[in-house]
Amino acid sequence: MPKASIYQIFCSPDSRNALDPGFIPLDNTHGRSDWYEYWPIRRFLLDTPLNDNEFYGFLSPQFGPKSGLDSSRVHDFAQAVPDATDVISLSPFFDAGALNRNVFIQGALDFAESWPVYAEAVKWLMPEVRIEELVMDSTNTIFCNYFLAKPAFWRCWLELAEKLFAEAERNETPLGKSLNSGRPYRSGIVAEKIFVIERLVSLILSTQPQWRVESINPIPLGLLYGRSEDYRRGMIVLDALKMAALTRREEYMQTYSTLRELWIEKLRQRA
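The model shown is predicted, which means the values in this text are computed figures rather than measured ones.

Engineer: Mind showing me how you'd approach the overall build of the protein chain here?
Structural biologist: Along the backbone of the protein chain there are 13 helices and eight strands. Relative to the globule expectation of 18 Å for 271 residues, the C-alpha radius of gyration of the protein chain, 18 Å, shows essentially globular dimensions. Principal-axis analysis of the C-alpha atoms places the extent of the protein chain at approximately 50 × 45 × 35 Å. In the protein chain, which comprises 271 residues, the share counted as buried stands at 53%. Pairs at least 24 apart in sequence give 75% of the contacts found in the protein chain among residues at least 6 apart. With the model as given, the accessible surface of the protein chain reaches about 12800 Å², and the carbon-plus-sulfur share is 52%. One way to put it: in the protein chain the 30 positive side-chain charges average out to a point 2 Å from where the 35 negative ones average out.

Engineer: Explanation requested: the nonpolar core in the structure shown.
Structural biologist: Most often, soluble globular proteins keep nonpolar side chains buried together rather than apart. With 70 residues, the main nonpolar core has F58, L90, F153 and W157 as its most contacted residues. The dominant element in this core, judged by the number of residues it contributes, is helix 8 (residues 151–170), at ten residues. The contact partners of F153, leaving out residues within four places of it in the chain, are V87, F147, V201, I204, L205 and W211. Membership of the second largest hydrophobic core comes to 15 residues, among which are V135, Y231, L238 and A245.

Engineer: Just to check I follow, could you spell out the packing of helix 8 against helix 11 (residues 200–207) for this structure?
Structural biologist: Each pair of packed helices gets described by two things: the angle between the helix axes and the distance between those axes. Running from amino to carboxyl end, helix 8 crosses helix 11 at an angle of 120 degrees, the nearest separation of the two axes being 10 Å. Overall, the two elements helix 8 and helix 11 adopt an arrangement that is oblique. Our pair here, helix 8 against helix 11, has a crossing hand that is right-handed. Contact residues: F153, C156, W157, L160, A161 and L164 in helix 8; L200, V201, I204 and L205 in helix 11.

Engineer: Teacher, can you tell me more about the side chain of D137 here?
Structural biologist: Examined against the element boundaries, D137 turns out to sit in the loop between helix 7 (114–125) and strand 5 (147–149). Despite being buried, D137 has no salt bridge partner; K242 is the closest side chain of opposite charge, sitting 7.3 Å away. Separated by 2.4 Å, the side chains of D137 and T139 make a polar contact. Setting aside residues no more than four positions away along its own chain, D137 makes contact with D239, K242, M243 and L246.

Engineer: Could you clarify how one ought to interpret the packing of aromatic side chains in this entry?
Structural biologist: The relative placement of two aromatic rings is captured by the distance of their centres and the angle of their planes. Inspection of every chain in the model, using the stated rule, returns 20 aromatic pairs. For the ring pair Y185 and F195, a centre distance of 5.4 Å and an interplane angle of 70 degrees mean the geometry is edge-to-face. Linking Y185 in strand 6 (residues 182–185) with F195 in helix 10 (residues 192–198), this pair joins segments that are ten residues apart in sequence. Over the ring of F165 we find R42, and its NZ or CZ is 3.9 Å from the ring centre.

Conventions used here
- Numbering of residues begins from 1 in every chain and follows the order in which that chain's sequence is written.
- In keeping with the predicted nature of the model, local features appear solely for residues at pLDDT of at least 70, side-chain atom pairs appear and are counted solely at 80 or more, and the whole-chain, interface and lining totals rest on all residues.
- Note that water and hydrogens are dropped before the side-chain values are worked out from all heavy atoms of the structure.
- We count a stretch as a helix when DSSP gives it H or I for four or more residues in a row; a strand needs E for two or more, and each element gets its number in order from the N terminus.
- With C-alpha atoms as the basis for the radius of gyration, the globule rule is written as 2.2 Å multiplied by the number of residues raised to the power 0.38.
- Residue burial is assigned from relative accessible area. The probe radius is 1.4 Å, only protein chains are included, and a residue is buried under 20% of its type maximum, exposed over 50%, and partly exposed in between.
- We call two residues in contact when some of their heavy atoms are within 4.5 Å.
- Residue burial considers only the protein chains on display, and all accessible areas are found by Shrake-Rupley using a 1.4 Å probe.
- For the purpose of charge, His is not counted, nor are the chain termini; Lys and Arg are scored as positive and Asp and Glu as negative.
- For the purpose of locating charges, the reference atoms are NZ of Lys, CZ of Arg, CG of Asp and CD of Glu.
- Side-chain atoms within 4.5 Å link the members of a nonpolar core, which is a set of buried Ala, Val, Leu, Ile, Met, Phe, Trp, Tyr and Cys residues.
- Angular values range over 0 to 180 degrees, each being the angle between N-to-C directions of two axes fitted as lines to C-alpha atoms, with helices fitted over their stretch in contact.
- For classification purposes, angles smaller than 35 degrees are called roughly parallel, those larger than 145 roughly antiparallel, those between 65 and 115 roughly perpendicular, and all remaining angles oblique.
- Helix crossings fall into two classes, left-handed where the near helix is turned counterclockwise from the far one by less than a right angle and right-handed where it is turned clockwise.
- Put simply, a salt bridge is a Lys or Arg side-chain nitrogen that is within 4 Å of an Asp or Glu carboxyl oxygen.
- Here a polar contact is recorded for every N or O atom pair within 3.5 Å, except that within protein the pair must consist of a potential hydrogen donor and a potential acceptor, and residues adjacent in sequence are included only if both atoms are side-chain atoms.
- Between rings of Phe, Tyr and Trp, where Trp is taken as its six-membered ring, a pair exists when centres lie within 6.5 Å; planes separated by under 30 degrees are stacked, by over 60 edge-to-face, and by other angles tilted.
- Geometrically, a lysine NZ or arginine CZ counts as sitting over a ring once it is within 6 Å of the ring centre and also within 35 degrees of the ring normal.

Take a look at the structure:
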């Protein structure tokens, strides 16, 4: 069975104490705070020799509370996947994926100004992809970089991430400036580049079908918008319609769009 080396990032003594002891601590106390978790992931992938048959993962300190998963369950799942697996998804927020056509639309749902940044970044990385038409379902939607992958996938991911990193660091082009622009997040302002980087894994998986993915069932994990079982069942229907839409029958996507609007209106009424 492939080995899984799963790291959990900390940036302070408090976050160090909150880590799951079943993961390997990854010190980011002296990292670049403007890049959040990308900085320690980047340094690790650039500086560390990797075993091609081993899974690697880099989880935030909030992994447990957000996902409801602990290290024991993650390691057990990783040991049970087929040897040919490239990526293991540990993603929560099934509803956030189901309720939106793709992760870029989801990211702009609460902050519409993010959409031009996402569109510009994806067009620059993958000119053939039209993100307004891209359909993602629960088989290729991953939030918060909560995934494990073998080095072949990490190299693909890092190549795209480094292109964005270089543009943002130069901060000279319209894209570079857009990546460094801020948006509200929690109680502060965070650069758009963080939200673009977090969506790269889903972009790759939805446009490159050669990657073999196994997922811990996301349906019972933590949700982002709602809590009721009726709501959860509604999200299952929306996700199934997106899967069916990939058959190229437009009726599935039309039905999806109609039901999506109904659920968004229900959520607004509850807010």
